[in-house]
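Tertiary structure, described
Each chain, letter by letter, is given below.
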Amino acid sequence: MNRSSPWLPIALVAAPTVGLALFYVWPFANLIVEAVDVESVRTTLGRSRTRSIIWFTTWQAVVSTLVTIVVGLAPAWVIARYDFVGRRLLLSLLTAVFVLPTVVMGAAFLALLPDSLDRTVWAVIGAHVVFNLAVVVRTVGAVWEHLPTDMEAAASTLGASPFVVFREITLPLLRPAVTAAAAIVFLFTFTSFGVIRILGAPGTRTIEVEVWRRSTQLGQVDQAAVLALLQLGVLAAVAVWSSIASRRHARSLALRPLARPRRARSRQERLTILVVVGVTSTIAVAPLLALVVNSLSSPSGWTTSGWTDLGSAEIRPGIGLGIDPIAALAASLRTAAWATLFATALGGLASLGIATAGRFGRVLDAGLMLPIGTSAVTIGFGMLITFDRAPYDWRSTWWLVPVGHALVAIPFVVRTTLSVLRSVDGALSEAAATLGASPTRAWREIVVPHLWRPLAVGAALAAAISLGEFGATSFLSRSGGETLPIAIEKLLGRTGSLLQTKGYALSVVLAAVTIGLVMVVDQTGDIVGARRGPASGPPRVGRAAGPSSGAAAPGSVDEVGR
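Predicted model only: the values in this text are computed from it and were never measured. (Residues numbered from 1 in each chain as written. Predicted model: local features only at pLDDT ≥ 70, side-chain atom pairs only at ≥ 80, totals over all residues. Heavy atoms only, no water.)

1. Brief notes about the overall build of the protein
Along the protein, the regular secondary structure elements total 24 helices and four strands. Burial status across the protein gives 54% buried among its 562 residues. Sequence-distant contacts in the protein: of pairs separated by 6 or more residues, those separated by 24 or more amount to 81%. (Helix = DSSP H or I, 4+ residues; strand = E, 2+ residues; numbered from the N terminus. Buried < 20%, exposed > 50% of the residue type's maximum accessible area, 1.4 Å probe, protein only. Contact = heavy atoms within 4.5 Å.)

2. Considerations on helix α20 (residues 452-468)
For α20, built from 17 residues, the straight-helix expectation of 24 Å at 1.5 Å per residue is met to within 8% by its first-to-last C-alpha distance of 25 Å. Among the 17 residues in α20, 14 count as buried, and that is most of the element. (Expected span 1.5 Å × (residues − 1).)

3. Quick notes on the pattern of salt bridges
Summed over the entire model, instances satisfying the criterion amount to seven salt bridges. Here Glu210 and Arg205 are joined by a salt bridge, their closest N and O atoms 2.6 Å apart. Given a relative accessible area of 0%, Glu210 falls into the buried group. In this structure Arg205 comes out as buried when scored by relative accessible area, which is 16%. Between Asp365 and Arg415 there is a salt bridge, and its shortest N-O distance comes to 3.2 Å. Taken together, the residues Asp365 in helix α15 (residues 359-369) and Arg415 in helix α17 (residues 400-423) connect sequence positions 50 residues apart. Under the relative-accessibility criterion, Arg415 is labelled buried at 11%. (Salt bridge = Lys/Arg side-chain N within 4 Å of Asp/Glu carboxyl O.)

4. What about empty space enclosed by the protein?
This model, assessed by the stated rule, comprises eight cavities of 30 Å³ or more. Put simply, the second largest cavity is a space of about 60 Å³. Every residue lining the second largest cavity is listed: Phe23, Tyr24, Pro27, Phe28, Thr374, Thr378, Ile379, Gly382, Met383 and Leu407. Of the residues assigned to the lining of the second largest cavity, the class counts are seven nonpolar, three polar and no charged. (1 Å grid on protein atoms, 1.4 Å probe; cavity = no way out; pocket = protein on both sides within 12 Å on 5 of 7 lines; lining within 4 Å. Points joined across faces, edges and corners; volume = space filled by probe spheres on them. Nonpolar A, V, L, I, M, F, W, Y, C, P; charged D, E, K, R; others polar.)

5. Remarks on the packing of aromatic side chains
Applying the stated criterion to the full structure yields 17 aromatic pairs. Where Phe186 meets Phe190, the ring centres are 5.4 Å apart and the plane angle is 25°; that geometry is what we call stacked. Taken as a pair, Phe186 and Phe190 lie in helix α8 (residues 162-190) at a separation of four residues, close to a single helical turn. Summarising the burial analysis for this pair, Phe186 and Phe190 share the class buried. With a centroid separation of 5.2 Å and 40° between ring planes, the pair formed by Phe193 and Phe470 is classed as tilted. One end of the pair, Phe193, is in the loop between α8 and α9 (194-199); the other, Phe470, is in the loop between α20 and α21 (471-476), and 277 residues separate them in sequence. Accessibility expressed as a relative area gives 1% for Phe193, which makes it buried. Under the relative-accessibility criterion, Phe470 is labelled buried at 0%. A connected cluster of aromatic rings, assembled from ring pairs, spans Phe23, Trp26, Phe387, Trp394 and Trp399. Its guanidinium or amino end placed over the ring of Trp212, Arg197 lies 3.8 Å from that ring's centre, counting from NZ or CZ. (Phe/Tyr/Trp six-rings, centres within 6.5 Å; stacked < 30°, edge-to-face > 60°. Lys NZ or Arg CZ within 6 Å of the ring centre and 35° of its normal.)

6. As for the packing of helix α4 (residues 87-98) against helix α6 (residues 121-144)
Taken N-terminus to C-terminus, the directions of α4 and α6 make an angle of 130°; their axes are 7 Å apart at the nearest point. Classified by the interaxial angle, the pair formed by α4 and α6 is oblique. In the crossing of α4 with α6, the sense of the turn from one axis to the other is left-handed. Residue-level inspection shows Arg88, Leu91, Leu94, Thr95, Val97 and Phe98 of α4 in contact with α6, the latter providing Val130, Phe131, Asn132, Leu133, Ala134, Val135, Val137 and Arg138. (Axes fitted to C-alpha atoms, helices over the stretch in contact; angles between N-to-C directions. Parallel < 35°, antiparallel > 145°, perpendicular 65-115°, else oblique. Left-handed = near helix turned anticlockwise from the far one by under 90°.)

7. Overview of the packing of helix α14 (residues 325-356) against α20
Close contact between α14 and α20 brings their axes to 8 Å; oriented N to C, the two are set at 140°. Relative to α20, the element α14 is oriented oblique. Where α14 crosses over α20, the two elements pack in a sense that is right-handed. Only Leu455, Ala459, Ala462, Ala463, Ser466 and Leu467 of α20 make contact with α14, whose side of the interface consists of Ser332, Leu333, Thr335, Ala336, Ala339, Thr340, Ala343, Thr344 and Gly348. Split into classes, the residues belonging to the contact of α14 with α20 amount to nine nonpolar, six polar and no charged.

8. What to know about the nonpolar core
By size, the foremost hydrophobic cluster in this structure holds 150 residues, and its most contacted members are Val140, Leu199, Val211, Leu368 and Phe381. Counting residues per element, this core draws most heavily on α6, at 16 residues. Once you skip the residues sitting within four places of it in the chain, Leu199 turns out to touch Gly106, Phe109, Leu110, Arg119, Thr120, Ala123, Val124 and Ala127. (Core = buried A, V, L, I, M, F, W, Y, C linked by side-chain atoms within 4.5 Å.)

9. With respect to the environment of Phe23
Counting through the fold element by element, Phe23 comes out in helix α1 (residues 7-35). Under the relative-accessibility criterion, Phe23 is labelled buried at 12%. Spatially, the C-alpha atoms of Phe23 and Gly380 are 9.9 Å apart, while their sequence positions differ by 357 residues.

10. A few points about a nonpolar patch on the surface
On the surface, Val292, Val293, Leu296, Trp302 and Trp307 cluster together to form a nonpolar patch covering roughly 480 Å² of accessible area. As for its placement among the helices and strands, Val293 is situated in helix α12 (residues 267-295). (Patch = residues over 30% accessible without salt bridge, like charges linked within 9 Å, V, L, I, M, F, W, Y side chains within 5 Å. Areas by Shrake-Rupley, 256 points an atom, 1.4 Å probe, with all protein chains shown as cover.)

11. Details of the environment of Phe190
With a relative accessible area of 2%, Phe190 lands in the buried category. If we skip the residues at most four places from it in the chain, Phe190 touches Thr57, Thr58, Gln60, Ala61, Ile207, Gln231, Val234 and Leu235.

12. Here's the deal with the confidence of the model for the protein
Across the protein, the average pLDDT comes to 80, with 86% of residues at or above 70. Within the model, pLDDT remains below 50 along residues 526-562, and this stretch shows 125 contacts once partners closer than five positions in the same chain are excluded. (pLDDT = per-residue confidence, 0-100.)

13. Things to note about the side chain of Ser215
With respect to the helices and strands, Ser215 occurs in helix α10 (residues 207-216). Beyond its immediate sequence surroundings of up to four residues, Ser215 is in contact with Ala224, Phe381 and Phe475.

Take a look at the structure:
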């Protein structure tokens, strides 16, 4: 196809390249050039408040990561080693929780925890653990499923206790996967935004929240830019460390493939599976059930007013709410529709271009992954200070928010589509050419029909990402054009049982739509695999990954929709 139509690869990559340069590279470069100087760096880092924010961001991320790893190892072992009824359902449930919008998870823990734990750092850590549990289960489980059991059996035969076997045999083999999972969870919790905004006490801020506060509330754009770049430097350092550590440990051991997970053989094994699955399911489901319950209750008892009054923008006659929940729902659906259209069109073109453009295609592939490795707050902040002056004063345009969402969603469309393009047997096109078909017709008849399903999966992912996007939207949304995550955060941040109930009701709506989209996608692709790249993902071990393991995708790691 390249030989017969040399212009086609250029035409295919033109729009994605221009979009990436205009809405990512330019705002990011502008953020560095115009907002950062020596004085702003000295002023920002010289403040004791800044140092305390950096310390809080770091230690809560470290604690959240350690607890998530510890809690996630048991279900990862059970799912990797045993075949039981509901195994696939449990994986899908954990994945659905993993991709929920962060404001929904924050609202769920606000509904679940007692008043004594509300707005505390422990509520934040608990939400982070539940939110990222799927990362450990699927990343570590993808390797654990393929570990050889003969060394463990030999150690047990020689008298080693189960704990010693795990410490001396299993854990060293799992170290690359554990390192990868820890890096992913740390990056997600280090850049926490929505959870902190919902669950954090007044004055409790991560770097991500402080960037938003200083740029939108205090007008300290230069200091916000310094913090954004500091955070990006930490993300890059952790990603590089994870990549180096995973490769070093992976080379030290030669692993063999393992047969499929087996059924439990003894009563003790069945009891262990039952306990682990029960506890894990409870951890994942309890916050969501609390969310539903709180949307139907108030201090005076059960009520449906949170649902029946969603269409009202008043607290009481003559007193405005300041937020129109139905308008926010309509704005979210409208924004998601346009973002999905943009992401699917540009992602589809980019996939075709990458598959045919050779070296430049590989460069574009890496470039399109950059928004995943950049905080959504940083993306929104860069667009905010770049497109606020003539002749590019686009902040008031209706399409800027969908473009910001699409920027994060395009890599998912590319990943799902490109893998299909590369899997099509080239011998089919050669056979078509032998029968007289032109290269373009052979490509159209053989390759294009395979694209509809991955494009549909990519579109569903893009819609889910857009519906839950909170970081960039906090910068780009206009008054009166709030999306659901913005409306939920505002409602839950106010006093009054009716407002709280409305916030919980909107959270249930957003959670239901997101989970529905994710459950569809999870039947054909691995969300966790799509959200991690080889820089931080576990090494592929033995045979091809089964349904519980993810297909690795190039790119950096960050919370999409966070």
